[in-house]
Every structure is written in structure tokens, then in C-alpha cells.
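# Architecture and fold: a report
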Amino acid sequence: MILDVYIPATTTVILKPSSFWCQLASSTTSLPALADLLQDYCTGCNSELLQTPRPGAACVAPFEDKQEDNSWYRGVITSVDDAEQTADVCYVDYGSAGKVSLQHVLKPQADFCQLPAQAFHCSLTGVVPLSDHWESDACRRFEELVCEKQLQARIVQVTESSQGRRSVEVCLRDADISIAQQLVDGGHGKSIHIGSGESATGGKQLHQPPHASAETGGGGDASEDACVENQHLCEI
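What comes next is a walk through the structure. Quantities reported herein were computed from a predicted structural model and do not represent experimental measurements.

### A short note on the overall build of the protein chain
A count of helices and strands for the protein chain gives four helices and 13 strands. Looking at the protein chain residue by residue over its 236 residues, the buried ones come to 45%. Of the accessible surface of the protein chain, which amounts to about 11,400 Å², a share of 48% is contributed by carbon and sulfur atoms.

In C-alpha cells form, the structure reads like this:
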């Protein structure tokens, strides 16, 4: 999906400018109703454990066994530890990840799977790090610019690596101010062209085929890699 317009979006997980998760504003209308369905099912007598937990399997689980708030979420299992009887879960509507006891990993009902995954993995276009990775101060500044804000997002292109990791390259704006340009102006990154004659401020469309805060820094994150790798499985 390539968009020629900016649409409202919010960040849900922020790792660095080249790796974060977003929801479209439309998710605020669809997720509350889904949350009610999940809670009714998971706290009722008809819920059942996922009998064959395996990487790639859709599930319903609390966030890191935190059942005290009665909140349950759709997820995809990214790994299973048979010795500890736990599973690492990517929560597909938010992009976050957690470790959950297999006793809390439930089988989803078919109607839970009708709504597409509401979070998508993103990379900010128009800016690159000053070195070969994003420094911690740049990551912190990026988080300040995008956390808990109603942003405007334009999808530039959808990429998929040879390992099947899918990511959406986006231009982001806070009001009419480019997030990429703010990183450049603050000395946290270098502007790159995202189209013929176009800089980090955004503009012309590229025609190519297709709320949690995490630790920031130059390196990656194991849960991030797992979630990104399994993103194509998240349309449960």
C-alpha cells in the first residue's frame, strides 16, 4: 500500500528511527471492541489453552503474565522454551513483545482473527545516522519527537528483506514539521534524498511496489527482530 497523502498515526513501540511501530488513528475505534471480546472470552468458561504452541502460531495472551488488569491481547508466538514452559509473544496490534507462561497462552477464536493486525513496523525515511548506527542521543531525541503524539504519516514504500522481514518506510510529521528534518537540524542525522530532488522534508511520492518505549541504542533488540521477522504472520 502506497499513499499519496498524510494520515493520522501514533507510535506504539519506539526503538530507533529505523525501527519503530505505528498504529493508524482508525485503530482507536476498532481495538476497544476487540479488547472487550478478548476479555469476555479469556475470563469465561469457554477459553482453551493453545494445545500446540509453536513459532508462528496465533494466540491470545496477557502481557508478560500480567493478568491482574484482566487485559488480553492478540499475538503471534515467536519462540517457545520447553524447559521453562514459556513462550515469547509478539503482540500484533502494538508491536511489543513479552515472555508468557504457556499456561496463559490461549487459542484464539475465529472471529478474533478477522481484524488485520493494527500495528506495523516502520522505518523513518529521509534521514540516516551520522555513523553506521543510531547513537543513543539520537534515539532519545526521536522518542521525544514522536512519543504520545498525534502524528501524520505517509507511506513511501513497503520493503521485505531476504529473511522475509517486512517494514514500511514512512515520512512523519508533527503538525507541518518533518520529524526527519528535526533530527537533521538537531545534529542527530544526515538528510538523504527520498526521491528525485527531494530531501528529508518529504513531498513527492515514490512509486515503488510494495505505547511502550523500548531500550534505545546503537544495537538491535531480540524481541524486535522476532516481531519484525514474524510480521507477515501477524494478520491472524
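### Considerations on the packing of aromatic side chains
All told, the structure shown has five aromatic pairs when counted by the stated rule. Centre to centre, the rings of Tyr 73 and Tyr 91 are 6.0 Å apart; their planes meet at 80 degrees, and the pair counts as edge-to-face. Of the two residues, Tyr 73 is situated in strand 4 (residues 73-81) and Tyr 91 in strand 5 (residues 86-91); the sequence distance between them amounts to 18 residues. Using a relative accessible area of 23% as the deciding quantity, one classes Tyr 73 as partly exposed. Consider the rings of Tyr 73 and Tyr 94, whose centres lie 5.7 Å apart with planes at 90 degrees: the pair is edge-to-face.

### Brief notes about the pairing of strand 4
Alignment of strand 3 (residues 58-61) against strand 4, held across four bridges, turns out to be antiparallel. When the bridges of strand 4 are listed, Ala 61 appears paired with Tyr 73. Taking the residues that link successive antiparallel strands as the turn, the strand 4-strand 5 hairpin has four residues, and the phi of Gln 85 there is positive, at about 55 degrees.

### Describing the nonpolar core
Phe 20, Leu 124, Phe 142, Val 146, Val 170, Leu 172 and Ile 179 are the most contacted members of the largest nonpolar core, which has 24 residues in total. Taken together, the elements giving at least two residues each to this core come down to strand 1 (7-16), strand 2 (19-24), strand 7 (119-124), helix 2 (136-146), strand 9 (151-160), strand 10 (166-174) and helix 3 (179-185). If one sorts the elements of this core by residue count, helix 2 sits on top with five residues. Ignoring sequence-local partners within four residues, the contact set of Phe 142 consists of Ile 14, Lys 16, Pro 17, Phe 20, Leu 124, Ile 179 and Leu 183.

### Side note on the sheet that holds strand 6 (residues 97-101)
Think of a sheet as strands paired side by side through backbone hydrogen bonds, with each pair either parallel or antiparallel. On the basis of which strands lie adjacent, the open sheet formed by four strands has the order 3-4-5-6 and antiparallel pairing. Two strands close off the open sheet at either side, each with one partner strand: strand 3 and strand 6. Put simply, the sheet's adjacent strands are angled 50 degrees from each other on average, direction ignored. Relative to strand 5, strand 4 runs antiparallel, the two sharing six bridges. Bridge pairing links Ile 77 to Val 89 in strand 5.

### What to know about helix 2
Taken as a whole, helix 2 has its buried residues at Ala 138, Cys 139, Phe 142, Glu 143, Leu 145 and Val 146. When helix 2 is viewed along its axis, its buried side chains cluster within an angular range of 160 degrees and face the same direction. Among the residues trailing helix 2, Glu 148 stands out with phi positive, at a value near 55 degrees.

### Here's the deal with unusual backbone geometry
Its identity is not glycine, yet Glu 148 carries a phi of approximately 55 degrees, on the positive side. Along the chain, Glu 148 falls in the loop between helix 2 and strand 9. Despite not being glycine, Ala 175 has its phi angle at roughly 60 degrees, a positive value. Relative to the elements of secondary structure, Ala 175 occurs in the loop between strand 10 and strand 11 (177-178).

### Structural notes on the side chain of Thr 86
Checked against the element boundaries, Thr 86 lands in strand 5. Setting aside residues up to four positions removed in sequence, Thr 86 forms contacts with Ser 79, Val 80, Asp 81, Lys 99, Val 100, Ser 101 and Leu 102.

### A short note on the pairing of strand 9
A large share of strand 9 lies buried, amounting to seven of its 10 residues. Pairing analysis gives three bridges linking strand 1 to strand 9, with the strands arranged antiparallel. The residue of strand 9 that forms the bridge with Pro 8 is Gln 152. Across eight bridges, the pairing between strand 9 and strand 10 is antiparallel. If you follow Ala 153 over to strand 10, its bridge partner there is Leu 172.

The rules behind the values
Residues numbered from 1 in each chain as written. Predicted model: local features only at pLDDT ≥ 70, side-chain atom pairs only at ≥ 80, totals over all residues. Heavy atoms only, no water. Helix = DSSP H or I, 4+ residues; strand = E, 2+ residues; numbered from the N terminus. Buried < 20%, exposed > 50% of the residue type's maximum accessible area, 1.4 Å probe, protein only. Areas by Shrake-Rupley, 256 points an atom, 1.4 Å probe, with all protein chains shown as cover. Phe/Tyr/Trp six-rings, centres within 6.5 Å; stacked < 30°, edge-to-face > 60°. Pairing = 2+ DSSP bridges. Core = buried A, V, L, I, M, F, W, Y, C linked by side-chain atoms within 4.5 Å. Contact = heavy atoms within 4.5 Å. Axes fitted to C-alpha atoms, helices over the stretch in contact; angles between N-to-C directions. Arc of directions from axis to C-beta.

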